[in-house]
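Coordinate analysis (summary)
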Amino acid sequence: MRIDVVTVFPDYLAPLQLSLLGKAQEAGRLEAHVHDLRAFTTDRHRSVDDTPYGGGAGMVMTPGPWGAALDAVLAQGPEGARPRLVVPSPAGRVFTQDVAAEYAADPWLVFACGRYEGIDARVLEDARSRYDVDELSIGDYVLFGGEVAVLVVVEAVGRLLPGVLGNAESLAEESHTGGLLEAPTWTKPAQWRGLGVPDVLVSGDHARIARWRRDESLRRTASTRPDLLARLDVDGLDRADLAV
Ligand code: ADE
């Protein structure tokens with residue numbers, strides 16, 4: 001997968017080179033390019049914003065540098081390709097594990113990081129002729145800009161790419177896969193500060209362990225995220241689930 005990020009703070013994206021995402025790039029499973037929006041300005045002050053039409057607080061990012069940056073990024077990819085343009089915004093559709101899975105199937109994601117009060121609306125209108133545009137929110141709160149949202153999205157998507165996670169089974173069992181939160185986990189030592197480990201987990205009875213974990217998942221989801229439980233497909237539940 002190819003990823004391009006356009007931002008006025010390229011240093012914010014440095015974590016893309018770290019840990020498992022860094023390894024994914026070394027292994028050639030992910031290719032990330034970060035572009036400084038100011039490189040596409042034409043004035044002496046390298047300005048990227050101006051006051052909003054209609055008045056109001058704050059500044060709006062001007063269309064000129066954005067248009068040039070998105071043209072240049074497009075020209076760097078394969079001829080005729082139509083990337084997805086992800087624009088982080090608190091006004092976008094909400095990012096979930098399902099959206100991460102959808103993005104993981106895309107060959108090319110381009111992220112446009114807005115700052116201040118956002119980007120002039122014509123930039124996205126114009127980009128729709130060459131990109132599949134997605135405004136995306138990582139939750140109901142407001143950040144200074146889109147950079148941290150990009151890190152969140154790239155980490156969630158990157159770990160779904162084939163060969164990035166060492167153990168593919170951990171994908172199948174984790175929270176939000178299948179609509180439930182994951183059961184709590186324990187490791188050695190067997191006793192710590194007077195606290196033990198649930199007997200079932202040291203029983204060696206794998207069917208009982210699987211059932212116990214599933215019950216804990218259902219209880220945890222019911223208690224902290226009843227909204228998720230309400231959305232579960234009833235056909236996917238078995239009789240033991242319904243008894244929890
Ligand atoms: N930019 C500012 N707030 C944001 C949010 N909640 N999600 C995505 N991008 C943002």
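Because the structure is a prediction, the values reported are computed rather than measured.

As for unusual backbone geometry
A cis amide bond links Lys188 to the next residue, Pro189, at an omega of 5 degrees. The topology assignment puts Pro189 in the loop between helix H6 (169-173) and helix H7 (206-224). Phi is positive for Ser19, close to 55 degrees, though the residue is something other than glycine. Structurally, Ser19 can be placed in helix H1 (residues 19-26). Phi at Arg46 is positive, roughly 55 degrees, even though this residue is not glycine. As for its placement among the helices and strands, Arg46 is situated in the loop between strand S2 (31-36) and strand S3 (49-50).

Here we look at the UniProt feature "binding site: S-adenosyl-L-methionine" (unreviewed entry) in the protein
As recorded in UniProt, the sites labelled "binding site: S-adenosyl-L-methionine" (unreviewed entry) are Gly114, Ile138, Gly139, Asp140, Tyr141, Val142 and Leu143. Within the secondary structure, Tyr141 is located in the loop between strand S7 (132-137) and helix H5 (147-158). One can find Val142 in the loop between S7 and H5.

A short note on the pairing of strand S5 (residues 84-94)
Looking along a regular strand, one sees the side chains alternate between the two faces of the sheet. Pairing of S5 with strand S6 (residues 108-112), which is carried by three bridges, proceeds in the parallel orientation. The partner of Arg84 across the bridge, within S6, is Leu109. For S5 and S7, the ladder comprises seven bridges, and the chain directions are parallel. Looking at the pairing, Leu85 lines up with Val133 of S7.

So, the confidence of the model for the protein
Chain-level statistics for the protein give a pLDDT mean of 94 and a share of 99% at 70 or above. The complex model carries a pTM of 0.93, and its ipTM stands at 0.98.

Notes on the site of the ligand
Around the ligand, a shell composed of Pro88, Ser89, Pro90, Ser137, Ile138, Gly139, Tyr141, Val142, Leu143, Gly145, Gly146 and Ala149 is seen. The element best represented in the shell around the ligand is S5, accounting for three residues.

Quick look at the domain arrangement of the protein
Domain annotation of the protein identifies domain 1 (2-158) and domain 2 (175-243). Computed from C-alpha coordinates alone, the two centres of domain 1 and domain 2 are separated by 37 Å.

Remarks on the environment of Phe111
With respect to the secondary-structure elements, Phe111 resides in strand S6. For Phe111, a count of 27 C-beta atoms within 10 Å corresponds to the buried category. When sequence neighbours within four positions are dropped, the list of residues in contact with Phe111 reads Val5, Val6, Val86, Gly146 and Val150.

Definitions and cut-offs
Residue numbering note: each chain is counted from 1, following its sequence as written. Given that this is a predicted model, residues contribute local features only at a pLDDT of at least 70 and side-chain atom pairs are listed and counted only at 80 or more, while totals for whole chains, interfaces and linings are drawn from all residues. Put simply, DSSP H or I for four residues or longer makes a helix, DSSP E for two residues or longer makes a strand, and each gets a number counted from the N terminus. UniProt positions are given in the numbering used here, feature names are shortened, and annotations may be inferred rather than shown by experiment. Strand pairing requires that DSSP identify at least two bridges connecting the strands. The pLDDT score gives, residue by residue, the confidence of the prediction method on a 0 to 100 scale. To decide nearness, the C-beta atom of each residue is placed from the backbone, and the residue is near a molecule or strand if that atom lies within 6 Å of it. Those domain boundaries reflect an automatic or database domain assignment. Any residue with 12 or fewer other C-beta atoms within 10 Å of its own C-beta is exposed, any with 20 or more is buried, and the rest are partly exposed; the C-beta atoms used are placed from the backbone. Each residue gets a C-beta atom placed from its backbone, and two residues are in contact if those atoms lie within 7 Å.

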